[in-house]
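A structural walkthrough
Below, each chain spelled out in residue letters.
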Amino acid sequence: MSKLTIYRASAGSGKTFRLAYEYLLLLLEEPNAYRHLMAVTFTNKATDEMKTRIISELNLLAHDAEKSPYISLLCSRLKTGIPALQQLAAETLQRLLHDFSEFNICT
């Protein structure tokens, strides 16, 4: 997994949404992926926002998936239904929270 992806875009263009989606996708494809991923932002505020969004979206996907703005994108990309995605999100969230020091989003 030695792939580097750089996103450049102006303010308000949906960078956080896109980055969170890509991170969620990688986590749901490979539940231990967070141990090998590092996301870098340019401000502490952006770092906090990304971490919060990823954790809250995993929680939403696990417990109330229909309300997630990512649900249709993830189900389509992962070729799965909502119940399977909910189970996967719950397992991924639990794993991530129990190993939080390996969750690398930094400035």
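See above for the structure.
Below or above, wherever it landed, is the structure these notes cover. (Residues numbered from 1 in each chain as written. Predicted model: local features only at pLDDT ≥ 70, side-chain atom pairs only at ≥ 80, totals over all residues. Heavy atoms only, no water.)

1. A word on the overall build of the protein
Along the backbone of the protein there are 4 helices and 2 strands. When the helices and strands of the protein are listed from N to C terminus, the series reads α-β-α-α-α-β. Against the 2.2 N^0.38 benchmark of 13 Å for 107 residues, the protein shows a C-alpha radius of gyration of 13 Å, consistent with a compact globule. Judged by the C-alpha coordinates and their principal axes, the protein covers about 35 × 30 × 25 Å. Counting across all 107 residues of the protein, residues that qualify as buried make up 34%. Across the protein, contacts joining residues at least 24 apart in sequence account for 72% of those joining residues at least 6 apart. Surface accessibility of the protein: about 6700 Å² in total, with carbon and sulfur atoms responsible for 54%. (Helix = DSSP H or I, 4+ residues; strand = E, 2+ residues; numbered from the N terminus. Rg over C-alpha atoms; globule rule 2.2 N^0.38 Å. Buried < 20%, exposed > 50% of the residue type's maximum accessible area, 1.4 Å probe, protein only. Contact = heavy atoms within 4.5 Å. Areas by Shrake-Rupley, 256 points an atom, 1.4 Å probe, with all protein chains shown as cover.)

2. Here we look at the nonpolar core
Tyr-23, Ile-54, Leu-58 and Leu-74 are the most contacted members of the largest nonpolar core, which has 28 residues in total. Elements with a contribution of two residues or more to this core: helix 1 (15–29), helix 2 (44–63), helix 3 (71–78) and helix 4 (82–98). In terms of residue count, the dominant contributor to this core is helix 1 (7 residues). Apart from residues no more than four positions distant in its own chain, Leu-74 is found in contact with Tyr-21, Leu-25, Leu-28, Leu-61, Lys-79 and Leu-85. (Core = buried A, V, L, I, M, F, W, Y, C linked by side-chain atoms within 4.5 Å.)

3. Overview of helix 1
The end-to-end C-alpha separation of helix 1 is 21 Å, in line with the 21 Å expected for 15 residues at 1.5 Å each. Along helix 1, the positions that sit buried rather than exposed are Ala-20, Tyr-21, Glu-22, Tyr-23, Leu-24, Leu-25, Leu-27 and Leu-28. Taken together, the buried residues of helix 1 touch strand 1 (39–40), helix 2, helix 3, helix 4 and strand 2 (105–106). (Expected span 1.5 Å × (residues − 1).)

4. Remarks on the pattern of salt bridges
What the rule picks out here adds up to 4 salt bridges. Put simply, Asp-99 and Arg-35 hold a salt bridge, and the shortest N to O gap is 2.7 Å. Placement of the pair is Asp-99 in the loop between helix 4 and strand 2 and Arg-35 in the loop between helix 1 and strand 1, with a sequence separation of 64 residues. For Asp-99, a relative accessible area of 16% gives the class buried. On the basis of relative accessibility, which here comes to 43%, the residue Arg-35 falls in the partly exposed class. Here Asp-64 ties to Lys-67 by a salt bridge, and the two come within 3.2 Å at their closest N and O atoms. (Salt bridge = Lys/Arg side-chain N within 4 Å of Asp/Glu carboxyl O.)

5. A short note on unusual backbone geometry
Unusually for a residue other than glycine, Lys-79 sits at a positive phi of about 55°. By the element assignment, Lys-79 lies in the loop between helix 3 and helix 4. On the accessibility criterion, Lys-79 (75% relative accessible area) is exposed.

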